[in-house]
Amino acid sequence: MKYLIYGAGGIGGCLAAFLAQGGKDVSLIARGAHLEAIQKNGLVLETGHGTFAVPVRACEQEQVTDKPDVIFVCVKGYSLEGTLPTLKRLSDGHTIVIPLLNIYGTGARLQPELSPALVTDGCIYIAAEIKVPGTVHMSGDIFRVVFGPRTPEEYRPELEQVAQDLNECGVEAILSDNIQRDAWMKFSVVSSMAACGIFHDVKVGAMQHPGPIRDDFAAFVNEIGALAAAMGFPLGDDLAERNLAIQDALDPDASTSLKRDLDAGKPSEVDGLIFQVVRLGRQYGVPTPRYDAVAAKLGYVEAAQ
């Protein structure tokens, strides 16, 4: 299988490094100083188990000519539109495209644009970010990719090979039989963590100890759980407990990419991760008072109406 990773940030960088270390045929689309450093020194991956320089084929999107079998899309939601010309050029009827964005529903959005390629849904559990050009820092040991087709008719046997390849490379891979539920499960983690971190202006460590901030994180999670249930994807009564366990396994100094981007004044995924929850809550008649509060803090006018 030929793999292409579109996006060399924390998610794409770690995925490319693990696949390359595992001996898979993988290429990475990157840009700017980050690309130059990777081409010169390899992709440097910092983990709790050491620092490794991994040789990875990396280039700009215009330089990719070979059609891959599998494309992992690992960009921010606001950059998704810009990937389409390259994705269309590199995909055909045999291609599998697996988006690993934080925004729920990305696969369904891309499928009409990239048909006849198969676009699955997918999500990833990881805490990682670019430290300096050419270096990605991974916090904690969680590295899990969940993906799958939205309907049984879209299933392809090659999806089993993708899961096997990832697992062989040290990435926990799950081929889901209910990816929309599982994508909501991941969304309940990253959205709630971002919302709580932004509202209280804290990193993960402040949510790992008993107290009001940890309780508030659980309140955000429960609002997502109620919304998912109303949409037909119940996540279970122990959702908050499971998400707290995931959060407790992270580095206390970790924070979500959304909070980091907002703090730095950069473009962010705030619409898809925070404001969309408010909109869906109103659409499905689910109260979201905690999300209303953080949305109002971020200047979302409708949340205060």
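Residues numbered from 1 in each chain as written. Predicted model: local features only at pLDDT ≥ 70, side-chain atom pairs only at ≥ 80, totals over all residues. Heavy atoms only, no water.

A. Here's a closer look at the nonpolar core. Core analysis: the biggest nonpolar cluster contains 47 residues, and Tyr125, Trp184, Ile274 and Tyr291 have the highest contact counts within it. At the level of elements, strand 9 (121-125), helix 6 (179-200), helix 7 (212-230), helix 8 (239-248), helix 10 (270-284) and helix 11 (289-297) are the ones that each hand at least two residues to this core. With eleven residues, helix 6 is the largest single contributor of residues to this core. Not counting the four nearest positions on each side in its chain, Ile274 is found in contact with Ser191, Ala195, Leu258, Tyr291, Val294, Ala295 and Leu298. Counting 42 residues, the second-largest nonpolar core is a separate cluster that includes Ala8, Phe18, Leu100 and Leu118. (Core = buried A, V, L, I, M, F, W, Y, C linked by side-chain atoms within 4.5 Å. Buried < 20%, exposed > 50% of the residue type's maximum accessible area, 1.4 Å probe, protein only. Helix = DSSP H or I, 4+ residues; strand = E, 2+ residues; numbered from the N terminus. Contact = heavy atoms within 4.5 Å.)

B. The sheet that holds strand 13 (residues 172-175), seen in detail. Taken together, three strands build an open sheet; the order of strands is 9-12-13 and the sheet is mixed. Two strands close off the open sheet at either side, each with one partner strand: strand 9 and strand 13. This sheet shows a mean twist of 15° between the axes of neighbouring strands, independent of strand direction. Pairing of strand 12 (residues 144-148) with strand 13, which is carried by four bridges, proceeds in the parallel orientation. Opposite Val145, over in strand 13, you have Ala173 as the bridge partner. Docked against the sheet, helix 6 engages strand 9 and strand 12, running at close to 35° with respect to strand 9. (Pairing = 2+ DSSP bridges. Axes fitted to C-alpha atoms, helices over the stretch in contact; angles between N-to-C directions.)

C. Spotlight on the sheet that holds strand 11 (residues 135-138). With mixed pairing, the four strands of this open sheet are ordered in space as 4-3-11-10. What marks the edges here is a single partner per strand, and that holds for strand 4 (50-54) and strand 10 (128-132). Within this sheet the neighbouring strands show an average axis-to-axis angle of 25°, counted without direction.

D. Summary view of unusual backbone geometry. For the peptide bond that leads from Ser115 to Pro116, omega is 20°, which places it in the cis range. Along the chain, Pro116 falls in the loop between helix 4 (106-114) and strand 8 (118-119). We note that Asp201 has phi near 55°; this positive angle belongs to a residue other than glycine.

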